[in-house]
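Residue-level structure breakdown
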Amino acid sequence: MSDPYFTKDLFAFFRELADNNNKEWFEANRERYERSVREPALEFITDFAGRLEEISPHFAAEPRKSGGSLFRIHRDVRFSKDKTPYKTNTGIQFRHEMGRDAHAPGFYLHLAPRDCFIGVGLWRPPTPVATRIRAAIDAEPDRWRSATRSDSFTQWFSLGGESLKRPPKGFDADHPLIDDLKRKDFIASGPVTQTQVTSGELPELFAQRCQAAAPLMAFLCDAVGVKF
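As a starting point, this report considers the structure included with it. (Residues numbered from 1 in each chain as written. Predicted model: local features only at pLDDT ≥ 70, side-chain atom pairs only at ≥ 80, totals over all residues. Heavy atoms only, no water.)

1. Structural notes on the nonpolar core
How we decide: By nonpolar core is meant a set of buried Ala, Val, Leu, Ile, Met, Phe, Trp, Tyr and Cys residues that side-chain atoms within 4.5 Å join together. For every residue, the accessible area obtained with a 1.4 Å probe (protein chains only) is divided by the maximum for its type, and the residue is called buried under 20%, exposed over 50%, and partly exposed between those limits. Throughout, a contact is declared for two residues whenever any of their heavy atoms are within 4.5 Å.
Phe6, Phe13, Phe44, Ile92, Phe94, Phe107 and Phe206 are the most contacted members of the largest nonpolar core, which has 61 residues in total. Setting aside residues up to four positions removed in sequence, Phe206 forms contacts with Phe44, Phe48, Phe94, Phe107, Tyr108, Leu109 and Ile118.

Written as structure tokens, this is what we have:
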């Protein structure tokens, strides 16, 4: 077991930011953000690279302040009615080496007060990519079921995300996997506790959960034509 990366102040910081979501407060607490959120997150990314390599050599651990595995704290408010400038969580995503943004297979860690979870899969792929995944589910139903229904997967994860209201083109409503074929997001998630996050067990726990999701990630990678 390693020393903890994150402390309780990460959650205290985000609780206080939620009540003071403005530039003045953030600038006054920037050093605290660096100390309690960004620096330990970048250290976690750096140190997790070896474990990630064991799961798959085709996912990247990039410890950069911008453009790497750590999500930026600034919100994109261009198309949102909510103009608060900062996210009240931090996210770490180990994306596939062929992915340029969040619309690629990835392993994800989300840290927020009362909302910590591990996510896996591919969020909101473009229509041509979603079509390829649906075709793969239809062609290999047993492999899909094994990846998403096995005890080793379901003890940690539940499939989620948004779905189409009607069956996608080319599939009947009575298809045995119609609920999966209607998915717009091919993702799954499972909770972790704040106690687990602030303990030395987090790297091992995260690695074990990512390994449990490896069959799903391999399926998605094959479906979209990249290596796992």
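Picking up where we left off.
2. Points about the packing of aromatic side chains
This is how the line gets drawn: Pairing of aromatic rings covers Phe, Tyr and the six-membered ring of Trp, with a centre-to-centre limit of 6.5 Å; geometry is then stacked below 30 degrees between planes, edge-to-face above 60, and tilted otherwise. Helix and strand definitions follow DSSP, with helices as H or I runs of at least four residues and strands as E runs of at least two, each counted in order from the N terminus.
Within this structure, the stated rule accounts for 19 aromatic pairs. Residues Phe48 and Phe94 carry aromatic rings whose centres are separated by 5.2 Å and whose planes lie at 35 degrees to one another, so their mutual orientation is tilted. On the criterion of sequence distance, the pair formed by Phe48 in helix H3 (residues 30–55) and Phe94 in strand E1 (residues 90–95) is long-range, its members being 46 residues apart. Judged by its relative accessible area of 1%, Phe48 is buried. The exposure class of Phe94 is buried, given its relative accessible area of 0%.

3. Quick look at the side chain of Ser69
The condition that has to hold: Under the rule applied, a polar contact is a pair of N or O atoms within 3.5 Å (in protein, one hydrogen donor and one hydrogen acceptor; residues adjacent in sequence only if both atoms are side-chain atoms).
By secondary structure assignment, the location of Ser69 is in the loop between H3 and E1. Residue class for Ser69 comes out buried when judged on its relative accessible area of 1%. Among the polar contacts listed, one links the side chain of Ser69 to the backbone nitrogen of Glu62, at a separation of 2.8 Å. Those residues in contact with Ser69 that sit more than four places away from it in its chain are Ile45, Ala60, Ala61, Glu62, Gly91, Ile92, Gln93 and Phe94.

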